Every structure is written in C-alpha cells, then in structure tokens.
Amino acid sequence: MPSVLAYHRPTSLVEAGELLKDVNRWALGGGTIVVPEARKHREVGIEVVDLQGLGLDQISNEEGVMRIGSMVRLSDLVANTAAPELVRNAARRELPSALRNAATIGGTVAEAESESLLVAALLVHEAEVRLHDQPSLSLDQYLTGERDGLVTAITVKTAGRGAISSTGRTPADVPIVAAVALSTGGVTRLALTGVGATPSLVDPVDPLANLDPPEDFRGTSEYRRHLAKVLSARAVLAAAGGESNA
Amino acid sequence: MNITLTLNGQETQLEVEPFETLLAALRSHGMVSVRYGSDTGETGASAVLVDGRLVNTDCMLAAQADGHEVMTLEALNQAEMHPIQAAFVATGALQSGYSAPAMILGTLALLKDNPSPSEFQVRDMLSGILDRETAYVKPVEAILRAATLMRGENPEPFQTMIVDPLTDGKSPAEVDPNDRPPQAPPAIPRIVPSDDVPDMSVVGKAEIKVDAIKLVKGNPAFTDDFEARGQLVAKVLRSPHAHANIVDIDDSAAVALPGVHAVIHYKNLPRIKYASGGQSWPNPHPYDQVSFDNKVRHVGDRVAAVAAETLDIAEEALRLIRVDYEVLPAVFDELDAIADGAPIIHDEADTEGIHNRDRNIVVHIGAQRGDVEDRLAQAEHVYEQTFRVHQVQPCPIENHISVAWLDSDERLVVRTATQVPFHVRRMLAPVVGMEIKNIRVIKPRIGGGFGAKQEMLIEDIVAHLAIKTRRPVKLELTREEEFMSSRTRHPQTITYTTGVDADGNLLAQDMRLIGNTGPFGTHASTVQTVAGLRGLTSYNAKSKRFDCDVAYANIPVPGAYRGYGAPQAEFALEAHMEDIAHDLDRDPIEFKRQNWVKVGDELDIAPHLGERAVAEGEMDEYPKVMTSGIDECVAQGQRSIGWHRRNDPSWTSPSDRPNIRRGLGFAFCMHGTSIPFLDMGGCSIKLNDDGSFNMLIGATDLGTGADTVIGQIAAEVLGVPLDDIKVYSSDTDITPFDTGAYASSTTYISGTAAKLAAEKVRKRIKERAAMLLDVEVPCTIELRDKKAWSADGRSVTLEEIALDSLHWQDQEQIMDTASYVSPDCPPPFAAQFAEIEVDIETGEVTVVKLVMAVDCGVAINPVTASGQVEGGMMQALGYAHCEEYALDEEGRMVNAKLGPYKIYRADEMPDTEVFLVQTMEDSGPFGAKAVAEIPKDGVAPALRNAIRNATGVGINDLPFTPERVWQALDGSGAVSPDPT
C-alpha cells in the first residue's frame, strides 16, 4: 500500500476540521516532518490534509501579544523584526536554512520534540495554542495533553529579555540540553530542552526538581541533570541582565 | 493526480501520485540538477526554489507545489554562465559538484533579497546544504565574489598567494611571536615556494576544472542522470537482527505483486564466495561474502532484493517477503569478539583463510625491526598507553547508486558510483557467472566517495537483477541504508609501548592493535596494515614491532575510508608522543622533532608491511625519505595559529570567562603516496585535427580534480593550454586500466602515466615537426604555445602538424600509451595545528581554528590541492569531535541520519588556513607527492593535545563529545602516561 493514499487541500477551516476527524488523515504543514514520517506507515497508509490554503500564514501584533499563524514558516519568524528576539533566535537555531524555509511553527509545536529550542522559547513567552473548534490552551497544557486538535495559531507575549544557554557537540548542533530563560519585570520564566519528552517549564529557583531525564548516546541522565543545573543558572543570570547569550 | 506549477517560468502540468515527492516528480520530468541525498531534507542536495525560497524537495510532496513557482538550476542554462556559476567555477568551489545546484539556487535567492550579504548570512544560507568535500571554504568565497560581480564590481582575480618561507627549508627556525602571517581570504591557497621548483606554464597554476561546466550547470553527469527505457527499480530487504540464521524465506506474495519482475535471495542464487573490497588481484582473503547468504551478520545486512516497475512497488514487495530468522547472540566490541565464549560469526564451512575462526580473528598481522624487548629493557623510560578509536562514516552526499543493463550485444553494462571500476569488473565476473570480456563498467561523475566506494557494494545486486529480468535495473541506497550497509572506519584498540633513552631518543616502539572489521573482512588486512605502517614510520625508534589481530563483530561493515588506518594510528601515536614529551618536561614539538624521520632516514618497517611485504633479511636497501618540508610546515603553522600563546595563562584562562580554558595543539602528520610495486595507472593520448588531444585515463575522479590535474600534467608536456586536453576517464571498455582512486595514488601514479604518454606523443610530434621545419635533430625542437619551435625560432602549429599527419603525407595517427607503477612511496608531511576552547563546567569543546601546512611536493593545481586539504580537515574534525555510530544493545544504529549523526555545517565551521609548502620530489610528476589523505591524519591528535594544553587532561578515546570531556575533567582522567 502506498504511504500517502490521498492529498487534500481544504480551502476552509471547517472543511479542514471535518477532514481531520479521521485519525488516518494527518495535517500537513511544510512537509518536513510528515513527508518522511508517512513513509513509515506503509502498512496502513495515510491521507494528508495540506493546510496551505487556509490563510494561516499571517503574523499580527497587538498590545504586547503576537499572534503567529500555524503555517508561518520558521524563516518568516526569524525575519520578523517585531517578533521577540528570543523567539527569532530560537527559530533560527531550530533548523538549518532550507528546512527552516519549509517547516512551520504549527508543525514544530505539534511535534514538540524534546530538544526543540523554539518550543522552549515559546513556553517562556507564555505561548497559547489556538485550536480550531476547541478552546485555546496554554502551550504548557497543550504539551502535556493529547495534542490532537488543529492548531491555527500560537500567541506569545512579546515582552522580556531572553537568554539561551546550551551545550551541544558543535556550535550548531541541536543542544543536548538547553536552558531558555525570560525575564519580564523582575519575573523569570525558565524552560529546559533535552530533559523530558517535550520541552518543559521548570522552577528557576530549583530547576532540577522532579527532573529525571531520559538518556541517549549524547547524554546520560546524570549528565543531562548536571547540564540542566549549570545551564539554568547561566540562562537565568543572562536573562536577568548579566552576560546575555541569546 | 494532476498538478500545475510554474516550472522555470513555464506553466507545466504534471501527473503525480499523492505520495510522490517533488524531488521524484522533478527528476522524472528531466530536472536532473535536483539531487537525491536523503529523504528528510538533511543533506539539502535536493533543494530548489519554491516561490523564491530554498526548500528541500525530498521532504515535500509534489502536490504541495501545485499552484506555485518552482525554479531549478536548469532555469539558468544559457550559453553564458550566470555570475554565480562563474564565481563557483573561478574559486574552485566545485569538487564533485553534486550539491552545487542547491548552493547556486540558494545564492540566487540570498542575493535577490540582499545584494551585500555578510559572511554570517552566507553561511546561514548554506547551513541547510551539507558538503562533505570543501569544508564550505571555497563556496563561501564563491558566494561573496558572486555578490561582488552582481553588484557590478570587479573583484580581484582569484589566484594563489605566495608566502615567504620562514626557514631555509632544511632546518627549523624560531617564529617571532609578533610576526603575523599575510592576510587573505581563507579560500586563497597559500604557496610557500621552493627554489628547487622550476617555473611552469600549466602545472602549479590555478586552472579551472575540466568538468566545471557540467557540474556548475547541473547538466546530466551522475549515475542517476541517464535513464534507460524500461528501467526497473531495485530495493534491498535488510536484516533487523545483528546476527541470525535465515531458516526460510517465502517470497511468493512479493513475486505475485503486479509490477514485480524479480525477487532474489539465497534460495534462488548460486553461492559464489567473494570479498567486496576493491583491491588489486588477487584480493586478500578471506572471501567471506556471497550476494545473499542464509545468515545475517549485522543490522542492515542483505536478505533479499526485488526489481519492480516503480520504487513504490519495490518497497511494497519488500514488505510482503516473509523471513523466518533464528536469532543468534551478537557481539560488537573487538575485545569482546576475540574473548572466549564469543559467538562465532563465520561458522560456515566454505570460507577459507580466516586466521582463527573460533576466536573471530580474521587476520593476524605482525612485523618487526630489531629486538624490541631488548631495547625496552635498556630504556631509561618506558611508557605504555591504550587508545580507543570509534566507528564513523564517509557520508558522501551522493549515496551508493548503480544501474545495470544488457546492451545490444547482451553484454552486461554497469554504470556505477565507484572508485574502482576496473576492480569491480574483475570482481563482478565470477559472482554473476560472466566473463570479464562481457562486462563493461562505466564511472560517470561521482558525488564523493572517500573510500566508501572502494568496494563492490551493490553492483552485484543490479547485475543479478538485470540478468534475471533482461531490463535495466537501478539501485540507489537511502541515507539510512548508506549508514547501515555501506562502509565505515574501523574501530580499533591501540596500545603503544615506547622506550626512551636518557637523551630523549626513542629506542623501541611497540604497537599492539586490535581492529574491528565488523561482519566481513573486506579491508581488514590492508587497513590494519596501513595503521601499523603509519603508526610505526613517523619516528626513528631503533627497533619496532607491530602485532595486530583483526576481529569479526556484528557492527555495520568497516572498510576503506580516506586515511585508511592512518587517522586511527596517528591519533594514538601523536597523543602518546605528546604525553611522553610532557612527562620528560620537553617541548612537544622539539621532542617530536628530535625523533621524527628526516631527509635521508630509512623508512625501515614499511617493506615488511603490506600486500607485497618482504622479510627482514630479504631487504638489500630500505627506502629513504628524499624530500621533507616539515620544518617549514611547522614554522608556518606556528605563526598562523599563534603558537606562543599556549603557555600564557592570561590567554589559556581568560579572566572574563571563568568557565573557559583555551588551548593549542599540534600533530606531526606523515602519509604515503600510492602503494609501491602495486598501484598502476594507464593513459593514452591522441592528437586531433586542430592540434588538441584526447586523453583517456583509467584514473577515477570522484570530485577530487584528478581529471584536471592529470590533464594539466599532459598539457605541460605538450605545450598546450589545459583546454586543449579533452579528458575521458574510467570506462573499462575504452580507457586504459587503473587500480582506482585510493591510496593517495592518482596524481603520482596516473599522473606519471600521463606524463610518460605525453612525452611519447611529444617525441613523435617533434619528429613530424622536424620534417615540416626541415630540422635534422628533432630533439632540438620545443613545444610551447600550441606550436613546435625550432632552435632558430621558426615554428609550426600543432594544428598544421596534425593536419599533415592525418591527411597529407605519410599519414598516421599520432597517439601513444603509457602506464606507470612506482617502486617508491614518497611521504607527504604536514603540521596540523588546532585552537580550541573547553567549557570546563559542561565539557563542551569549541574548535576555533584549524591550520594545516602540507608538504605535498609540487601541487599540480593549488586550488584543487588546497580544497583537498580543507575538505579532509573537515572530515577529520568530525572524526575527532562529533561523529560517531551509536548502536543500541541489539546492534541497531540509533542515529542513522545526518544531524543525529553530526557532520559540520557551514554555519559552525572553525576558521581554517591551508599552506602548501613546496618541495621538489623528483620521483613524482613535476615534483608532486600526494595530498588527498594526509589532511585526515592530524586533527584528532591536535584537538586532543589542545584539550590537554587547555585543561591538563589527556583523553584517549574519540570523539571529544561533551559528556566524554566532562567525565574526563570531572574524574581527573589520566593526565600523563603511566611510567612502568
């Protein structure tokens, strides 16, 4: 059976929502995640629902809140000078150029890979996930839930000074662990990558609380905990106005 | 489904399947500049512009492009090159050129938005296009020059920079810390000239590559770019188990699937034993492979193959094959594999020549000079250290690909991405049951090889299927298959024991090596032999011993990889020597210099190792080092890297960055040039009507520039510009034999063959010119500027000579052939330097700068030579720093994808600087020695020694990934060797 049995390009959210009620239909953003993944599903075959015709690629900015359509490409986010510096920087570091030109913020959030800097940056910017035909969720709630709705936009509060501290094998490597901090009016928010199933918000005062990182060939659980401690301290300090490396 | 897109400005309708990628749709529509490298966008080779943005077409459905504008490189195909293409050609940015179309399109998009990009922006654009060849040095320069050209400015011509020598060429010199090297963009080759090298017309010049047009325009040139009518697609079913017997295979459902033409496996193919390593006849034993076995020995091993109408049908057919496995215990580490009770990996009765089957020892290698035990007993100091080196992959961006068909005479033709077309023809014949005369192997342009393609890896599969189906059959490996089933660098455990006298002279050096050749012995004997050779040749110990066992294990198959045993050995050796120097309180370079081989020194263990090894008593005279520019290399490198800073605490421990330590490291590098008495290359040259020449060579250009360099050698002899030499290479029906592209041999061996052939042709041209000029002694005639000149200044053009000889009087075809095999193996030398930073809290190592100064004799083409060094250093950097095979407990590779398997991108490369230090090697063509592999030898030990300089901790395992370094720092790992 071919991997992709049918291609749909709905022209309205209602149509898209109806199509996606079938669990064998996958929402298709840029294709960078879905197209390779679909090949692994030859046993059943899937259908794809391309969201490019829904006008979800707009960015708007109002009263300190930026609304980023789910089909906005990461490269557009990087290029948007009104977007928070931390989000732009994280979006640039998320993927190399040609992938960044295709990958969407909606796909990145729906996938929520453990090591996603962009998801961590969105978390500290108090992102909310707007869903079709469902109430909005905080990104934090969305990540810990089923992640099954059709994401239409992500909103973020734009204020704050951000910083990323990370450790990787090389400068542009996907960090083994990264600490992403944002300081807003004396309040610091901190998120970690590489220590759980998805990036997650942690207590800036005690970032290791309840942390039990899964290990892989790039880092044991013990090492990831160590990095979480060192990098959290650095990121929090930098966001607070010390040495910034965002 | 039907889609409509604007393709290169033309509204185009395409009939596509819902699952079809844009890559597949564009290629089947003839847009062959769009290249396959992966299925996930990880290589960027498939990138095109969609609505003006650079995006990967391998992870985009064709249907997504419906209604959009798509631009491929074919859009730029005019008679004149686009300025971007011109800049890529002028700067030597093209090696294999496989990913050049994506880079050029990316540049087009970048410069449209930003006519004056910064280097950061250029590198960011390139970040999505992986390059395994250039280290991005020359592509970055090309893009910056293209921007200049497109702004209407005239950049300086791209040419070499002459750097004044710092030594007299014979002895070391102190480098003044305040002396700064001359500045130029890093892509510019820095030549340190030698008075011994005469001025030449074509040799030594930055000539444009002879294959530049086809590469820069994305013209059909690679294996997959020509499609025969009725071509079938093959896919291979691979083992999910590291070690298992195949009890049964049921292919009935696959055979019955419409569109499937053949399914092959152990039950329907004859069992012909072979060794897959592409080596000279007779291939070293054991012959431990068959096309399809009833046993699998690594995850990814072949189980069956199908040929079908489409890739989709072939993949579906694989799913329908039922295999009954009896899973066996597996072993992965070389020390475990040779221990008592390990599972026996080759228990079959029909493999001969395994050294010790029951202990999984494929081959034992031993060699000795002098009495090591005696010398160790006399030594003032004895040091012993053990090093472990890991498994990595060449990762050519073009994966393995082969197409086979029966031609109209029903001979088998195989067009294949190979480094060894002649070996493949000879090795394939018995496996498919045909005579050599009925097989033709064609090597088109190749998208990088680096050793992985020194193998008969998949040619037998397409050949079997083409014979069975009588249709053309193509097989192209996926990136994941390239990781699981192609060839890798041998992991090794190396123990050095070295005895040193009271004055710091080496008395004895003993090297014990356990190599891991995985499930097959393809290059087991030869790679480990070279490790011994390289590991015991650099320094003048009075006695030496090499003792080596090579183990079978159930890991993906090691084989040839650029460097071929030397990177492993020289990592261990240069780390060991560094630590001895520290223990003796000696400057590492001075201690090494005291002991390293110099001009006139004997290369005394070399003849006792290798495919034509001789015993100690059989040698009348040992080969000697005839040229070495190492002292100049060291001085240039020291100045460039700022070597004096290494002992300055304010630099090594910057006060404003308390978690950072800085360090500088050095490694002495020595390699070989070809395999003496074994490597052979042939060349034939004929004169055409217009005074140009066709040159046929067996040599195998993989993107290295071999065709260009060999063409330059012939052009120099014949007194014509390079453009008058039309090079055709590597086609077993047409060109002379050549052993192939390996062992750093092509320039030296095939280049000398070309020089000899050109000299024969020149002799005949002079004789014909003498007739026309009425000169009595033809040898007084000289060829230059496309003319033959008499001593009294009269001339006749080569065209006139050609027309006369072909059409007018005493007609003849002026042509000749020569071949060359060398008794010598002159070593190139190099000084590798590295500057690094270590984050002592996290173990993260950042490589700031790499400098390599190389004595490769005379660089025939300094641009391609420096490109070889840049690319080689980048691969070596990956080996040292971040690349590694990660296998789970069942032997499955968990990071068989670029990214998780980390190779350097354009936007994270350290600064690089390359110096080509000339020496005049009289045994080489116009003074040349090898350059291709030596850049692989020094980065790992230089990094290791730099980390030691920064932190005081020497780490003896590769690679230097953050956790390994952190643990070494935290555990205060072995800082200095243990005196015993």
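Starting afresh in each chain, residues are numbered from 1 along the sequence in its written order. For this description, chains carry letters from A and ligands carry numbers from 1, given in the order in which they are written. Where local features are concerned, this predicted model is filtered to residues with pLDDT of at least 70; where side-chain atom pairs are given and counted, the filter is 80 or more; whole-chain, interface and lining totals use all residues.

Q: Help me out: how do you make sense of the overall build of chain B in this one?
A: A count of helices and strands for chain B gives 24 helices and 34 strands. As defined in this context, the radius of gyration uses C-alpha atoms, and a globule is described by 2.2 Å times the residue total to the power 0.38. For chain B, whose C-alpha radius of gyration is 28 Å, the value lies close to the compact-globule estimate of 30 Å for 980 residues. Across its three principal directions, the C-alpha atoms of chain B cover 85 × 75 × 60 Å. Relative to its full complement of 980 residues, chain B shows a buried share of 64%. Any residue pair is listed as a contact if its two C-beta atoms, each placed from the backbone, are within 7 Å. Sequence-distant contacts, at least 24 apart, represent 80% of the contacts inside chain B between residues at least 6 apart. Segments assigned H or I by DSSP are reported as helices when at least four residues long, segments assigned E as strands when at least two residues long, and all are numbered from the N terminus. Counting other C-beta atoms within 10 Å of a residue's C-beta gives its exposure: the residue is buried at 20 or more, exposed at 12 or fewer, and partly exposed in between, where C-beta atoms are placed from the backbone.

Q: I'm lost on the overall build of chain A in this one. Help?
A: In terms of helices and strands, chain A carries 9 helices and 12 strands. In terms of overall dimensions, chain A is globule-like: its C-alpha atoms have a radius of gyration of 18 Å, near the 18 Å expected for 246 residues. Counting only C-alpha atoms and orienting by the principal axes, one finds that chain A spans roughly 50 × 45 × 30 Å. Restricting to contacts in chain A with at least 6 residues of sequence separation, those with at least 24 account for 60%.

Q: Explain the domain arrangement of chain A here, please?
A: Interfaces are often sized by the accessible area lost when the parts come together. All names here are of chain A. Where a domain begins and ends is set by an automatic assignment or by a domain database. Entries for chain A in the domain assignment read domain 1 (4-53), domain 2 (54-157) and domain 3 (161-239). The C-alpha centroid of domain 3 is placed 19 Å from the C-alpha centroid of domain 2. In this assembly, 18 residues from domain 2 lie in contact with 19 residues from domain 3. Counting residues per element, the ones that place at least two in the side of domain 2 that touches domain 3 are helix 4 (85-94), helix 7 (117-124) and helix 8 (139-144). With 6 residues, helix 7 is the largest single contributor of residues to the side of domain 2 that touches domain 3. Ten residue types, Ala, Val, Leu, Ile, Met, Phe, Trp, Tyr, Cys and Pro, are classed as nonpolar, four, Asp, Glu, Lys and Arg, as charged, and the remainder, Gly among them, as polar. Its residues placed into classes, the side of domain 2 that touches domain 3 shows 11 nonpolar, 4 polar and 3 charged.

Q: Just to check I follow, could you spell out the interface of chain B and chain A for this structure?
A: On the chain A side, the residues contacting the 47 residues of chain B number 36 residues. Secondary-structure elements contributing two or more residues to the side of chain B that touches chain A are strand 4 (53-56), helix 4 (119-126), helix 8 (311-320) and helix 24 (962-970) of chain B.

Q: Looking at this structure, I do not really get helix 7 of chain A. What am I missing?
A: Side chains three or four residues apart in an α-helix point the same way, a direct result of the helix having 3.6 residues per turn. Residue and element names in this part refer to chain A. Counting buried positions along helix 7 gives 8 out of 8 residues, so the element sits mostly inside the fold. Residues of helix 7 that are buried: Leu-117, Leu-118, Val-119, Ala-120, Ala-121, Leu-122, Leu-123 and Val-124. With its phi angle positive at about 55°, Glu-126 sits one or two positions after the end of helix 7.

Q: What is the right way to read the packing of helix 19 (residues 706-718) of chain B against helix 20 (residues 746-773) of chain B from this model?
A: Helix packing for two helices is described by the angle between their axes and how far apart those axes are. Residues and elements named next belong to chain B. Only the stretch in contact is used when a helix axis is fitted, and all axes are lines through C-alpha atoms; the angle between N-to-C directions ranges over 0 to 180 degrees. Across the interface, helix 19 lies against helix 20 with an axial gap of 8 Å and an inter-helix angle of 30°. Comparing their axes, helix 20 and helix 19 come out roughly parallel. As for how helix 19 packs across helix 20, the hand of that crossing is right-handed. Along the contact surface, helix 19 presents Ala-706, Val-709, Ile-710, Ile-713, Ala-714, Val-717 and Leu-718, while helix 20 presents Thr-746, Thr-747, Ser-750, Gly-751, Ala-754, Lys-755, Ala-758, Glu-759, Val-761 and Arg-762. Here the contact of helix 19 with helix 20 is composed, by residue class, of 10 nonpolar, 4 polar and 3 charged. Here is the rule for angles: anything less than 35 degrees is roughly parallel, anything more than 145 is roughly antiparallel, 65 through 115 is roughly perpendicular, and the remaining ranges are oblique. Less than a right angle of anticlockwise turn of the near helix away from the far helix marks a crossing as left-handed, whereas a clockwise turn marks it as right-handed.

Q: Can you walk me through the environment of B:Glu455 in this structure?
A: Residues and elements named next belong to chain B. Locating Glu-455 in the fold gives a position in the loop between strand 18 (439-442) and helix 12 (459-469). The exposure class of Glu-455 is buried, given the 28 C-beta atoms found within 10 Å. It is 33 Å that separates the C-alpha atoms of Glu-455 and Ser-628, two residues lying 173 residues apart in sequence. When residues no more than four places from it in sequence are discounted, the contact partners of Glu-455 are Ser-276, Gly-277, Gly-278, Arg-487, Thr-522, Gly-559 and Ala-560.

Q: Whenever I open this one, the environment of B:Tyr885 confuses me. Can you help?
A: Residues and elements named next belong to chain B. Topologically, Tyr-885 is positioned in the loop between helix 22 (862-881) and strand 33 (911-917). Note on Tyr-885: 22 C-beta atoms within 10 Å, which makes it buried. Spatially, the C-alpha atoms of Tyr-885 and Lys-902 are 9.9 Å apart, while their sequence positions differ by 17 residues. Apart from the residues within four sequence positions on either side, Tyr-885 is in contact with Gln-391, Val-392, Thr-488, Pro-556 and Met-893.

Q: Would you take a moment to explain the pairing of strand 18 of chain B for this structure?
A: All names here are of chain B. Residue alternation in strand 18 divides its side chains into a buried set, Ile-439 and Val-441, and an unburied set, Arg-440 and Ile-442. Paired strands, in this sense, are two strands between which DSSP finds at least two bridges. With 4 bridges joining them, strand 17 (residues 412-416) and strand 18 adopt parallel strand pairing. Across the sheet, the residue bridging to Arg-415 is Ile-442, located in strand 18. By convention, a crossover is right-handed whenever its connection, traced from the first strand over the helix to the second and viewed with the strands pointing away, goes clockwise. For the segment spanning strand 17, helix 11 (residues 421-432) and strand 18, crossover handedness is right-handed.

Q: Is there a simple way to think about the nonpolar core in this case?
A: One recurring pattern in soluble globular proteins is that nonpolar side chains are buried together. A:Val180, B:Ala234, B:Val306, B:Val462, B:Ala714 and B:Val854 are the most contacted members of the largest nonpolar core, which totals 398 residues. Apart from the residues within four sequence positions on either side, B:Ala714 is in contact with B:Ile685, B:Phe693, B:Met695, B:Ile725, B:Ala754 and B:Ala758. By convention in this section, buried Ala, Val, Leu, Ile, Met, Phe, Trp, Tyr and Cys residues joined through C-beta atoms within 7 Å make up a nonpolar core.

Q: I would appreciate a short explanation of the environment of A:Arg67 in the present structure.
A: All names here are of chain A. If you trace the backbone, Arg-67 turns up in strand 5 (residues 65-69). Here Arg-67 falls in the partly exposed class, since 17 other C-beta atoms lie within 10 Å of it. Through-space distance from the C-alpha of Arg-67 to that of Ala-82 is 11 Å; in sequence the pair is 15 residues apart. With residues near it in sequence (within four places) discarded, Arg-67 still touches Ser-60, Ala-153 and Thr-155.

Q: Even after reading the chapter, I still don't get the sheet that holds strand 16 (residues 401-406) of chain B, so can you show me in this structure?
A: Backbone hydrogen bonds hold the strands of a sheet together, and the pairing may be parallel or antiparallel. Residues and elements named next belong to chain B. The strand order across the open sheet formed by 7 strands is 10-12-8-19-16-17-18, and the pairing between neighbours is mixed. Two strands bound the open sheet, and with one partner strand each, they are strand 10 (260-265) and strand 18. The sheet shows a mean angle of 20° between the axes of neighbouring strands, taken without regard to direction. Helix 11 contacts strand 17 and strand 18 of the sheet and is inclined by roughly 145° relative to strand 18.

Q: Honestly, the domain arrangement of chain B in this entry has me stumped. Any pointers?
A: What the domain assignment lists for chain B is domain 1 (1-158), domain 2 (223-330 + 396-485) and domain 3 (680-821). Centre-to-centre, using C-alpha coordinates, domain 1 of chain B lies 38 Å away from domain 3 of chain B.

Q: Looking at this model, I keep getting lost on the confidence of the model for chain B. Mind explaining?
A: Detailed reading of the predicted coordinates is not advisable wherever pLDDT falls low. Residues and elements named next belong to chain B. Confidence in the prediction of chain B, expressed as mean pLDDT, is 96, and 99% of residues score 70 or more. Values of pLDDT, which run from 0 to 100, indicate the predictor's confidence residue by residue. Below pLDDT 50 for its whole length, residues 972-980 participates in 23 contacts with residues either more than four positions away or in separate chains. Two numbers describe this predicted complex: its pTM, 0.97, and its ipTM, 0.97.

Q: I keep staring at the packing of helix 2 (residues 83-90) of chain B against helix 3 (residues 100-113) of chain B and nothing clicks. Help me out?
A: Residue and element names in this part refer to chain B. Two numbers describe how helix 2 lies on helix 3: the axes approach to 10 Å, and their chain directions differ by 130°. Compared by their axis directions, helix 2 and helix 3 come out oblique. For the crossing formed where helix 2 meets helix 3, the hand is right-handed. Side by side, helix 2 and helix 3 meet where Ile-84, Gln-85 and Phe-88 of the first sit next to Ala-100, Ile-104, Thr-107 and Leu-108 of the second. Within the contact of helix 2 with helix 3, the residues separate by chemical class into 5 nonpolar, 2 polar and no charged.

Q: Explain unusual backbone geometry to me, please; I cannot follow it from the model alone.
A: The general pattern is negative phi for most residues beyond glycine and trans for most peptide bonds. All names here are of chain B. Look at the link from His-285 to Pro-286: it is a cis peptide, with omega at 0°. Along the chain, the position of Pro-286 falls in the loop between strand 10 and strand 11 (295-296). Residue Pro-959 is reached from Leu-958 by a cis peptide bond, and omega for that bond is -10°. Looking at the element boundaries, Pro-959 is found in the loop between helix 23 (939-951) and helix 24. A positive phi angle, near 45°, is found at Ser-744, a position not held by glycine. Checked against the element boundaries, Ser-744 lands in the loop between strand 26 (725-729) and helix 20.

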